[in-house]
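Listed below, chain by chain, are the residues.
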Amino acid sequence: MLLAVERISLAGTGVLYLITRDRAITLLVYLPGIVIAEALFGCWGGVATVLLSVAGSAGYRIMFLPHYLQLGPYAMYQSWEEEIILLLVGLLVVVLMEQQRQSGRRAVSVERQLAAVLENVSDAVIVFGRDLRVRSENRAALTMLNRPGEKLVGETAESLRQRFQFERPG
C-alpha cells in the first residue's frame, strides 16, 4: 500500500512539473490521486497520500521555484498557502469519503437485520417503500396470499390490491 501511495503522490508531483510552473493548479493535480488512494486503501491510505502530496508540492516549490526563497517572509507564507489548502482539502475529502463508506456499511447492516427479523416473524409482513412498491416480504406473507414460490418485490400496493381480495376485519 505504501509503495502505491508514494507512486500516486510522485505522479502528481511529476504532472505538476510537466504541466506548468503556475502553482494555482496544485490542488487539481493532487486531488484525484488522493481520492483514488482513499478509495483503494481506505482512510489511512488517503491520509498518507495527502501528507505525501503536501511534501511533494513543497519539494516542487523549493526545488523548481527557488525565487520564492529570496522574496522574504511574506512570499514564503504565500508559497506555503497552497500546501496548507492542499492539506486541509485533502483531509476533508478523506473524511467525507470515509463517512460515506461507514454510512453504506450501516445501511447494509440494517437491511440484513431487517431481513433476519422478517424471516423469523410468524405473522405475514410486506414492507413497502415510499413509492408504495414492495421492498420485501416474508414467507408467511407469501403463504397468506397463496403464492409460496413467488416474489412480490417491485409490485405496487395498487397492483396487489387488484390481484388479491383483502377483507377488512369486522
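Residues numbered from 1 in each chain as written. Predicted model: local features only at pLDDT ≥ 70, side-chain atom pairs only at ≥ 80, totals over all residues. Heavy atoms only, no water.

Asks: Help me out: how do you make sense of the overall build of the chain in this one?
Replies: When helices and strands are tallied, the chain shows five helices and two strands. Overall, the chain shows an N-to-C arrangement of helices and strands of α-α-α-β-β-α-α. Residues counted as buried form 29% of the 170 residues belonging to the chain. Summing over all exposed atoms, the chain offers an accessible surface of approximately 11,400 Å²; the carbon and sulfur share of this is 62%. (Helix = DSSP H or I, 4+ residues; strand = E, 2+ residues; numbered from the N terminus. Buried < 20%, exposed > 50% of the residue type's maximum accessible area, 1.4 Å probe, protein only. Areas by Shrake-Rupley, 256 points an atom, 1.4 Å probe, with all protein chains shown as cover.)

Asks: I tried to follow the nonpolar core on my own but got confused; where do I start?
Replies: Grouped burial of nonpolar side chains is what soluble globular proteins tend to show. With ten residues, the main nonpolar core is built from Leu16, Val29, Tyr30, Ile34, Val47, Val50, Val54, Tyr60, Leu86 and Val94. In terms of residue count, helix 2 (residues 26–64) provides more of this core than any other element does, seven residues in total. Ignoring anything within four residues of it in the chain, the contact list for valine 54 reads Glu83, Leu86 and Leu87. The next biggest cluster of nonpolar side chains, apart from the first, holds six residues, and it includes Leu142, Leu152, Leu160 and Phe164. (Core = buried A, V, L, I, M, F, W, Y, C linked by side-chain atoms within 4.5 Å. Contact = heavy atoms within 4.5 Å.)

Asks: Before we go on, may I ask you to explain unusual backbone geometry in this structure?
Replies: Note: most residues except glycine have negative phi, and most peptide bonds are trans. The backbone of leucine 132 sits at a positive phi, close to 60°, despite the residue not being glycine. Looking at the element boundaries, leucine 132 is found in the loop between strand 1 (126–128) and strand 2 (134–137). Residue leucine 132 is classed as exposed on the basis of its relative accessible area, which comes to 51%.

Asks: Got a minute to help me understand the side chain of glutamate 38 in this structure?
Replies: Examined against the element boundaries, glutamate 38 turns out to sit in helix 2. On the basis of relative accessibility, which here comes to 0%, the residue glutamate 38 falls in the buried class.

Asks: Help me understand the layout of surface pockets, please; the structure alone is not making it clear to me.
Replies: A probe as big as a water molecule, rolled over the atoms, marks out the empty space that is left. Its volume calculated, the largest pocket comes out at about 210 Å³. Ala107, Val110, Glu111, Leu114, Ala115, Leu118, Val127, Phe128, Gly129, Arg135, Ser136 and Glu137 are the residues that line the largest pocket. Mapped by element, the contributors of at least two residues to the lining of the largest pocket are helix 3 (73–120), strand 1 and strand 2. The greatest single-element share of the lining of the largest pocket, amounting to six residues, is contributed by helix 3. (1 Å grid on protein atoms, 1.4 Å probe; cavity = no way out; pocket = protein on both sides within 12 Å on 5 of 7 lines; lining within 4 Å. Points joined across faces, edges and corners; volume = space filled by probe spheres on them.)

Asks: Help me out: how do you make sense of the pattern of salt bridges in this one?
Replies: Oppositely charged side chains can form a pair if their charged atoms are brought close together. For the structure on display, the rule yields four salt bridges. Between glutamate 38 and arginine 101 there is a salt bridge whose closest N-O contact spans 3.0 Å. On the criterion of sequence distance, the pair formed by glutamate 38 in helix 2 and arginine 101 in helix 3 is long-range, its members being 63 residues apart. Overall, the relative accessible area of 24% leaves arginine 101 in the partly exposed class. Here glutamate 137 makes a salt bridge to lysine 151, at a shortest N to O gap of 3.9 Å. (Salt bridge = Lys/Arg side-chain N within 4 Å of Asp/Glu carboxyl O.)

Asks: Hey, could you run me through the confidence of the model for the chain in this one?
Replies: Any segment with low pLDDT has predicted coordinates that should not be analysed in fine detail. With 84% of its residues at a pLDDT of 70 or more, the chain has an overall mean of 79. Mean pLDDT across the elements of the chain ranges from a minimum in helix 1 (residues 2–19), with 75, to a maximum in strand 1, with 87. (pLDDT = per-residue confidence, 0-100.)

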